[in-house]
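Coordinates in review
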Amino acid sequence: MILHLYLARRFLRALGIVAAVFVAILLPIDIAEQLRRIGPSQGFGPVLELALLNLPGSLYEMIPLFVLLGTLLMFLGLARSSELVVVRAAGRSALRAAAAPVVVAALLGVFIIMVVNPIVATTEQQFDLRSARYLGAEERTVSVSAEGLWLRQGSPENQTVIRASAANSDGTQLFDASFFGFDAEGTLIERLNASQAILVEGAWELTGVRRWPLVEGVNPEARAESLPQLTLPSTLTREQIRDSFGKPETVPIYQLPAFIAQLNGAGFAALQHRVWLQSELSSPLMLAAMVLIGAGFTMRHTRFGRTGIMVLSAILLGFGTFFVRSFAQVLGETGQLPVALVAWTPPIAAILLAVALLLHTEDG
């Protein structure tokens, strides 16, 4: 147990060193990027604020890389000091020697899911909101609630708020839709109900329309009219609707199942959010796989030589695993592969491959 605790401390220290180096590298780069985006006229305060809000999300995406580099740093240090030779001479197998870092990485993955993920989601939300405010852009076009799907479109002269009970997968076809028209002062001037609304280029094509003018001093029901079809100008596009749901990274993992249920209730498949949820749940296995990959190439004495080649091979295999996982997520988000398959197969396959490498190193 003393040896396991010692190896766990060495692993955490190496991981902390790697994370500190990346923070020192990424923060100035992010400050320069935010300065370019919002310009120097806003002052340095907003630039630093945006950089600090964006930093957790940038680091969060690189956690598997941190774990891999921390593993390499730890085992290379043990090999140079001959501590690894002592561990092996004491009768510890390669798998038993790597057990403590693997367990620490898995527990770190659980901690990240439970604690770090909500923090990063909050900083991502605040980053998007503050960026929109500093850039003068609209903060959001689409909202999903228990009442259905809400959209907003318009120009400085008028605004239209749209509510629909259901929609197709990309939000371009609405069912049981209501359109509320506002003038430049924010006064409600018109309401339209449509059994179906289809978004085409530059307009909504409404079917089964009921129209009420909401003018002061006029009875809306007396002036209401029914129309079989109506074309309503629109500033929305398919891409705006898709992007306005926000990144799944901005939703805390505790709220993600309910948010997915709301999207499903509004008629959206929510594949991107479902893939993200399963990928987050599988992250402890992914971090454990990174430790095993690093250990498989570096649990050898430096006198055998080819240390640089071994380190490069470990990094390439780690990046390859990360690339396969990202590619599988894309396939899952497009519906070409089951969500559970794309989220859990890459880390499990990486663990099996790394264990096979360790056993080969151990027994030849």
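Up top you'll find the structure we're talking about.
Notes on the structure in this doc start here. This structure is a prediction, so every number in the text was calculated from the model and none was measured.

Here is what the cut-offs are and how they apply
Residues numbered from 1 in each chain as written. Predicted model: local features only at pLDDT ≥ 70, side-chain atom pairs only at ≥ 80, totals over all residues. Heavy atoms only, no water. Helix = DSSP H or I, 4+ residues; strand = E, 2+ residues; numbered from the N terminus. Buried < 20%, exposed > 50% of the residue type's maximum accessible area, 1.4 Å probe, protein only. Contact = heavy atoms within 4.5 Å. Salt bridge = Lys/Arg side-chain N within 4 Å of Asp/Glu carboxyl O. Core = buried A, V, L, I, M, F, W, Y, C linked by side-chain atoms within 4.5 Å. 1 Å grid on protein atoms, 1.4 Å probe; cavity = no way out; pocket = protein on both sides within 12 Å on 5 of 7 lines; lining within 4 Å. Points joined across faces, edges and corners; volume = space filled by probe spheres on them. Nonpolar A, V, L, I, M, F, W, Y, C, P; charged D, E, K, R; others polar. Pairing = 2+ DSSP bridges. Expected span 1.5 Å × (residues − 1). Patch = residues over 30% accessible without salt bridge, like charges linked within 9 Å, V, L, I, M, F, W, Y side chains within 5 Å. Areas by Shrake-Rupley, 256 points an atom, 1.4 Å probe, with all protein chains shown as cover. Axes fitted to C-alpha atoms, helices over the stretch in contact; angles between N-to-C directions. Parallel < 35°, antiparallel > 145°, perpendicular 65-115°, else oblique. Left-handed = near helix turned anticlockwise from the far one by under 90°. Phe/Tyr/Trp six-rings, centres within 6.5 Å; stacked < 30°, edge-to-face > 60°.

**A closer look at the overall build of the chain**
- When helices and strands are counted, the chain shows 12 helices and seven strands.
- Looking at the chain as a whole, 43% of its 364 residues qualify as buried.
- Put simply, of all contacts in the chain between residues at least 6 apart along the chain, 63% involve residues at least 24 apart.

**Examining the pattern of salt bridges**
- By the definition in use, this model includes four salt bridges.
- A salt bridge links E33 to R36; its shortest N-O distance comes to 2.6 Å. Linking E33 with R36, this pair stays in helix α1 (residues 2–38), spanning three residues, or about one helical turn.
- Since its relative accessible area comes to 32%, E33 is described here as partly exposed.
- R36 sits in the exposed class, given a relative accessible area of 59%.
- A salt bridge links E221 to R210, with the shortest nitrogen-to-oxygen separation between them at 2.9 Å. Taken as a pair, E221 in the loop between β6 (203–213) and β7 (225–233) and R210 in strand β6 lie far apart in primary sequence, 11 residues in all.

**A few points about the nonpolar core**
- Of all hydrophobic cores here, the largest spans 61 residues; its most connected members are F11, V67, F75 and M299.
- When residues of this core are assigned to their parent elements, the largest contribution, 11 residues, is made by helix α3 (residues 63–80).
- Not counting residues up to four positions away in its chain, the partners in contact with F75 are L84, A98, P101, A295, T298 and M299.
- In this structure, A177, F179, W204 and V209 belong to the second largest nonpolar core, which totals 19 residues.

**Remarks on the layout of surface pockets**
- Of the voids in this model, the second largest pocket is the one considered here, and its volume is about 500 Å³.
- What lines the second largest pocket is a set of 22 residues, among which W276, E280, F322, R325 and Q329 lie closest to the centre.
- Among the secondary structure elements, those contributing two or more residues to the lining of the second largest pocket are α2 (44–61), α3, α6 (99–135), α9 (271–281), α10 (283–298) and α11 (307–333).
- The element best represented in the lining of the second largest pocket is α11, accounting for six residues.
- Across the lining of the second largest pocket, the residue classes break down as 11 nonpolar, six polar and five charged.

**Comments concerning the pairing of β6**
- Here strand β5 (residues 188–200) pairs with β6 via 10 bridges, running antiparallel. Counted as the bridge partner of A194 is V209 from β6.
- Linking two consecutive strands that pair antiparallel, namely β5 and β6, is a turn of two residues; a positive phi of about 85° is found at G202 within it.
- Here eight bridges tie β6 to β7, and the two strands are oriented antiparallel to one another. Bridge assignment links T207 to a residue of β7, and that residue is Q229.

**As for α10**
- Taking 1.5 Å of rise per residue, 16 residues should cover 22 Å, and α10 covers 23 Å from first to last C-alpha, within 8% of that figure.
- Taking burial as the measure, the 16 residues of α10 include 15 buried ones, the bulk of the element.

**Side note on a nonpolar patch on the surface**
- Among the surface-exposed residues, V110, F111, M114, V115, I119 and Y254 lie close enough to one another that they form a single nonpolar patch of about 580 Å² accessible area.
- Residue position: I119 is located in helix α6.

**Remarks on the packing of α10 against α11**
- Following both chains from N to C, one finds α10 and α11 inclined at 155°, their axes separated by 8 Å at the closest point. Viewed along their axes, α10 and α11 adopt a mutual orientation that is roughly antiparallel. The crossing of α10 and α11 is right-handed. Judged by residue contacts, S283, M286, M290, I293, F297 and T298 of α10 engage M310, V311, S313, A314, L317, G318, T321, F322 and R325 from α11.
- Tallied by class, residues from the contact of α10 with α11 come to nine nonpolar, five polar and one charged.

**Regarding the packing of aromatic side chains**
- According to the stated counting rule, one finds three aromatic pairs in the structure shown.
- Aromatic side chains F323 and F327 sit 6.4 Å apart centroid to centroid with 15° between the ring planes, which places their arrangement in the stacked category. A residue pair is termed a helical-turn pair when its members lie 3 or 4 positions apart in one helix, as F323 and F327 do in helix α11 at four residues.
- In this structure F327 comes out as partly exposed when scored by relative accessible area, which is 47%.

**Thoughts on the environment of V116**
- In this structure, V116 sits in helix α6.
- In this view, V116 contacts Y60 and F111; residues no more than four positions away in its chain are not counted.

**Focus: the side chain of R10**
- Within the secondary structure, R10 sits in helix α1.
- For R10, a relative accessible area of 15% corresponds to the buried category.
- Not counting the four nearest positions on each side in its chain, R10 is found in contact with M74, G77, L78 and E83.

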